[in-house]
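Observations on the three-dimensional arrangement
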Amino acid sequence: MAYAKANIFYEREEWKKPVLLSVGFHGLLVLSIAVWGYVAQQHSTANDWGIKQGDAVTAQLVSASIPIPKAEQSDNIVANESKGVTQTQPEAKPVEQPPDDAVPIQGKVKPQKIEKPVQQAHVTQPPRPVPTPETAVPYGEGGPVSGPFGSVTTANYKGGFSFQNADFGGKYGWYVDGVKRRVQANWLTYEIDPRIKAPHRAFIEFDITRDGSPANVHLAQSSGVPSLDQSAMRAIQRIDSFGKLPEGNSVTVDFWFDYPPK
Amino acid sequence: MNKSKSNRIVVLGVLAFLMVASGCKKKQPAPPPPPPPKAVSATLSANPTSIEAGQSATLTWSTENATDVALDGNKVDPSGSQTVSPTQTTTYHLTAKGAAGTQEATAQVSVTPKATPTPTPAPTPTVTDDQLFAQMVKDIYFDYDKADLRPDAQQALAQAAQVIKQKGWKVQIEGNCDDRGSTEYNLALGERRADSAKQALIRDGISADVLKTISYGKEKPQCTDQNEDCWQKNRRDHFSLLH
Amino acid sequence: MVKEKRNGTGKSSLLLLGFMLLGSFLSAAAQDRIKIELNMGQERPRLAVPDFKAANGDPQTAPLNTVFNQVLWNDLDNAGIFDMVAKSFYPSQTPGQPAELQAKAWGDPPPNAGVLTFGSLGVNNGKVDVQGWLYDVKNPGAPQILGKQYKEDATPDMARMIAHRFADEIIARLGSGIAGIAESQIYFVSTRSGNKEIWSMDYDGANQKQITKLGSIALSPRISPDGSRLAFSGLTRDSWQIMMYSLELGRTVAFPRNAGDNFSPAWASDGTKIAFASTIHSGLSEIFVADANGAGARRLSTGKGDVSPVFNPKTNGQIAWVSGRTGLPQIYVMDADGSNVQKMTDQGYAVSPAWSPNGLLLAFAWVRNYGPGVLGGSDIYLMDIASRQIIQLTHDGGRNDFPSWSPDGRHIVFQSNRTGNEQIWSVLADGTHLQQLTRQGRNSQPNWSFK
């Protein structure tokens, strides 16, 4: 008994250092988590892919004989009554909306900001503030895509594009949108040397053939940064097809990629 | 006198009837028919028509005036041959389509079971044999994801081998798995388990000819409870007497 | 008593933190990469799909119109490439033809649609007539993207088929290169007739029907690339054989049999070759490749317990399969001639590889920690083959197995026992649009058609 008492007494004498160490490491832990949380907000976090445990799953019966109205999915991550891509915006931003009947002016650069869509809602995290400039006009809430020529910025894609056929974009805005979406979604910026601080721009030119496949993908003007040039080329080369051209046998497109995006 | 007259009338009547009747039957002269498309013909033969299990036969076919020829659904050349090795009596269908129509031809290859090398046939198993078999050749069990024999299994097999040899039995070894794993992998694992027992029996002096292996994977479980007890029961080789 | 040192734990926790951070970066990068390979990193055009109008008062028109509208909506929603405008935002007036269209009512907020489908359906003399349009309602200049007309027998099945065809046309136009899957089929194993037979169904679970009548056990269905023949493994009186069912002829056709057991057939995407597992050579299951009619079988692998081969559908130059050669089953990849064997997983219990149509990803079922006491649950994972990075698709640890890719490379169908027994589910590869497709009996081993 005396022995045990002595041990406890002995440990109590020594509590200062362990407590300090403990507080220190706890503080470090908290700091790291804070840093991790901030950093991870720039990317998606590790475990938000896929079907979650406890997802409310609604069985949808689609029968030929008895038409049953589709049950609304509860707790569904993506489909909900949202006005569009900006549904997770926490704050209202002064959004510059061009008038609805604005006719795209050939050659004029209309700054348009397209926001990176939120793929999954983060149940455990606050809504991500999407770092876009104040003139952002999210897709679906602003005017039409400015014809065949415009600049685009999303959270990870800054650049622009130009369709060399002037009529094409006016008539087929929906096709131009599709090409823009595919390219910007295919650009893997983490392939680029992260030490680049000054702005650089790579120009890629390619044709879209009748069946929608890109051809003659080439570097029209180098940015001077090989990894940026390569990542831009690959963004186009990864794409098998943009979908059949609605008209014509070929259309030539220029895309430019700015890095760093901010 | 009346008879000969009536006879004449009858004969005349019959003649007249015949003339009319043949006239009725007389067909209109047909217009010259258009030249018909050349008829499609197809022949299929097998050589030989009877084989032992494990041997091969050659199917030979030829067609005329056909554009689309298929052997059991597979497109083939209008004329050709193919080697087949059916394990049981099989009828092969050749379908030839052409402008004139479709022709089918069939050929059958009969398969007789392999002749046993031993001159004296094995004794016909009796009901007592089945009971004896069940007594002497019991199931052996395995650890999870393993196909190697545990010491108790090796012993059991050594004893079983004695009776099998003595009785001249033919044995089917059926490998099984518990239901936790994946369907296809469990079929492969069951094969390994069956093969393990087979190799052990061969080492114990049984001829490979009388041992047949098969795997049932997790398709034929003994029980379906979700506990180790039941899972162990299913991780087994089962033996059955082949008649 | 000696003072106990506690400093060691501090250092290791820092290290752990470091790895966690690194891990989150890696998985974030893995997700980006895999998202792109799944064509999922894009924004979605806003699509409004109001009900088609009933063109006349024929008693068959209304019910067929209801079926049509529901199937059309589901097909476009399930594609996962549209941001579907909620119906509560639709304007009250729905156009039935272009003359009735007021584009601004749809393009302005609140519906704020980018693209609009509309049309009409009517039954006349036992035929159903559907006219459908797709308009770009943001662009006042040249708004029509599509105009289609369909005429078929007036049955619910035909109304469904027309809806599927129209949905696929819309997806072909707006999907910027992504094909529609509304007309694809899923083949699977079901016990509901009393024993395991092969069945088929539409991609949304409709029209489930029995195909084989083996009367024994039929497993591992694989449909040919042209959709005409179904390969499977069937149990005869004394062995497992690869069997071929002709959907055109409505019966099995001859396929070479051998004296071993044969499992898990798989087609090359050009329809010329079939890979399968067979014990014919050694008594243990090994991978073979033969021509599509079964001739010329060559042995490729030399492992113990090799099974479940699958071709790289983009190139047909590689085969992935499962091998137990090192103990628990792992996924391997080799060239189609058997050379250049690479091990893709190195822990746990990994089975059922499925190669994505673009050749970049492997889906498979995996238990990371497999042991005797484990209940045997597995989850579906996606692996980017080039970087070996892995993402988890299901998280419930139940028994999820046999993933199979849709032709558009963005959906996965798989078997899961999350409701208590094996059923077939489909899901978009990012985890959304999860749907149960079967309910009756026990259903397993789904295989999505090539087109």
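Just so we're clear, the structure is a prediction, and the values are computed from it rather than from any experiment.

Before going further, it helps to examine the overall build of chain B. Of regular secondary structure, chain B possesses five helices and 12 strands. Across the 243 residues of chain B, 33% fall into the buried class. Sequence-distant contacts, at least 24 apart, represent 67% of the contacts inside chain B between residues at least 6 apart.

What follows concerns the overall build of chain C. Scanning chain C from terminus to terminus reveals four helices and 30 strands. The 451 residues of chain C split such that 55% are buried. Sequence-distant contacts in chain C: of pairs separated by 6 or more residues, those separated by 24 or more amount to 45%.

Across the boundary between the two partners, chain C contributes 41 residues, which contact 30 residues of chain B. Those elements giving two or more residues to the side of chain C that touches chain B turn out to be strand S10 (218-223), strand S14 (262-267), strand S18 (306-311), strand S22 (349-355) and strand S30 (443-448) of chain C. Per element, the largest residue contribution to the side of chain C that touches chain B is three residues, and it comes from S18(C). Residues of the side of chain C that touches chain B, tallied by class, amount to 18 nonpolar, 16 polar and seven charged.

Moving on, we come to the pairing of strand S15 (residues 273-278) of chain C. All names here are of chain C. The element S15 is largely enclosed, with a buried count of five among its six residues. Both S14 and S15 contribute to a ladder of four bridges, which runs antiparallel. Residue pairing for S15: Phe 263 is matched across the bridge by Ala 277. Linking two consecutive strands that pair antiparallel, namely S14 and S15, is a turn of five residues; a positive phi of about 75° is found at Gly 271 within it. In terms of strand pairing, S15 meets strand S16 (residues 286-291) through six bridges, oriented antiparallel. Looking at S16, one finds that Lys 273 is bridged to Asp 291.

Residue and element names in this part refer to chain C. Pairing within the open sheet is antiparallel, and its four strands lie in the order S9-S8-S7-S30. Single-partner strands in this sheet number two, and they are strand S9 (209-210) and S30. Where strand S7 (residues 185-190) and S30 come together, four bridges link them in antiparallel fashion. Along S30, the bridge assignment pairs Ser 190 with Asn 443.

Residues and elements named next belong to chain C. Of all hydrophobic cores here, the largest spans 160 residues; its most connected members are Phe 68 and Phe 364. If you tally residues by element for this core, the top one is helix H4 (residues 156-174), at nine residues. Setting aside anything within four residues of it in sequence, one finds Phe 68 in contact with Phe 52, Leu 121, Val 130, Ala 159, Ile 162 and Ala 163.

The next subject is the environment of Ala320(C). Residues and elements named next belong to chain C. Its location among the elements puts Ala 320 in strand S19 (residues 318-323). C-beta crowding within 10 Å serves as the criterion here: with 23 such atoms nearby, Ala 320 is assigned to the buried category. For the pair Ala 320 and Val 333, spaced 13 residues apart in sequence, the C-alpha separation works out to 4.2 Å. Ignoring anything within four residues of it in the chain, the contact list for Ala 320 reads Val 310, Ile 331, Tyr 332, Val 333, Pro 353, Trp 355 and Leu 362.

Okay, the packing of helix H3 (residues 151-167) of chain B against helix H4 (residues 183-203) of chain B next. Residue and element names in this part refer to chain B. With their axes 9 Å apart at the nearest point, H3 and H4 run at an angle of 50° to one another. The angle between the axes of H3 and H4 places the two elements in the oblique class. Pair H3 / H4 crosses with right-handed handedness. Mapping the contact onto sequence places Gln 154, Leu 157 and Ala 161 in H3 and Ala 197, Ala 200 and Leu 201 in H4. Of the residues that constitute the contact of H3 with H4, the class distribution is five nonpolar, one polar and no charged.

This part takes up the sheet that holds strand S29 (residues 435-436) of chain C. Residue and element names in this part refer to chain C. Pairing is antiparallel across the open sheet formed by four strands, whose spatial order is S26-S27-S28-S29. Whereas interior strands pair on both sides, the edge strands pair on one side only; in this sheet they are strand S26 (400-405) and S29. Across two bridges, strand S28 (residues 423-428) lies against S29 in antiparallel orientation. Opposite Ser 426, over in S29, you have Gln 435 as the bridge partner.

Residue and element names in this part refer to chain C. Running from amino to carboxyl end, helix H2 (residues 61-78) crosses H4 at an angle of 35°, the nearest separation of the two axes being 8 Å. Note on packing geometry: the crossing formed by H2 with H4 is right-handed. Residues Leu 64, Val 67, Phe 68, Val 71, Leu 72, Asp 75 and Leu 76 of H2 lie in contact with H4, whose contacting residues are Pro 156, Ala 159, Arg 160, Ile 162, Ala 163, His 164, Phe 166, Ala 167 and Ile 170. Of the residues in the contact of H2 with H4, the class split is 13 nonpolar, one polar and two charged.

This part covers unusual backbone geometry. Put simply, Asn47(B) and Pro48(B) share a cis peptide bond, and its omega is -5°. Position of Pro48(B) among the secondary structure elements: in the loop between strand S1 (41-47) and strand S2 (50-52). A positive phi angle, close to 60°, is found at Asn65(B), a residue other than glycine. Tracing the backbone shows Asn65(B) in the loop between strand S3 (57-64) and strand S4 (68-71). Positive phi outside glycine occurs at Asn112(C), with the angle close to 55°. Residue placement: Asn112(C) occurs in the loop between helix H3 (103-107) and strand S4 (115-124). Since 20 C-beta atoms lie within 10 Å of it, Asn112(C) is described here as buried.

Moving on, we come to the environment of Lys35(C). All names here are of chain C. As for its placement among the helices and strands, Lys 35 is situated in helix H1 (residues 7-37). Lys 35 gets classed as partly exposed once you count the C-beta atoms within 10 Å, which come to 19. Through-space distance from the C-alpha of Lys 35 to that of Ala 429 is 8.8 Å; in sequence the pair is 394 residues apart.

Okay, H2(C) next. All names here are of chain C. A rise of 1.5 Å per residue sets the reference length of H2, with its 18 residues, at 26 Å; its end C-alpha atoms lie 25 Å apart and thus fit the reference within 8%. Within H2, 14 of the 18 residues are buried, which leaves the element mostly enclosed by the surrounding structure. Trailing H2 by a residue or two, Gly 80 shows a phi angle of about 70°, which is positive.

It is worth spelling out the environment of Gln108(B) at this point. Residue and element names in this part refer to chain B. Residue placement: Gln 108 occurs in strand S8 (residues 101-112). Gln 108 sits in the partly exposed class, given 13 other C-beta atoms within 10 Å. In this structure Gln 108 touches Ala 46, Thr 49, Thr 89 and Thr 91, once residues within four positions along its chain are discounted.

As a further point, take the confidence of the model for chain B. Summary statistics for chain B give a mean pLDDT of 85 and a share of 81% for residues scoring 70 or more. Strand S11 (residues 211-217) of chain B holds the highest mean pLDDT among the elements of chain B, 97, whereas helix H1 (residues 2-25) of chain B holds the lowest, 63.

Reading the values: rules and limits
- Residues numbered from 1 in each chain as written.
- Chains lettered and ligands numbered in written order.
- Predicted model: local features only at pLDDT ≥ 70, side-chain atom pairs only at ≥ 80, totals over all residues.
- Helix = DSSP H or I, 4+ residues; strand = E, 2+ residues; numbered from the N terminus.
- Buried ≥ 20, exposed ≤ 12 C-beta atoms within 10 Å, placed from the backbone.
- Contact = placed C-beta atoms within 7 Å.
- Nonpolar A, V, L, I, M, F, W, Y, C, P; charged D, E, K, R; others polar.
- Pairing = 2+ DSSP bridges.
- Core = buried A, V, L, I, M, F, W, Y, C linked by C-beta atoms within 7 Å.
- Axes fitted to C-alpha atoms, helices over the stretch in contact; angles between N-to-C directions.
- Parallel < 35°, antiparallel > 145°, perpendicular 65-115°, else oblique.
- Left-handed = near helix turned anticlockwise from the far one by under 90°.
- Expected span 1.5 Å × (residues − 1).
- pLDDT = per-residue confidence, 0-100.

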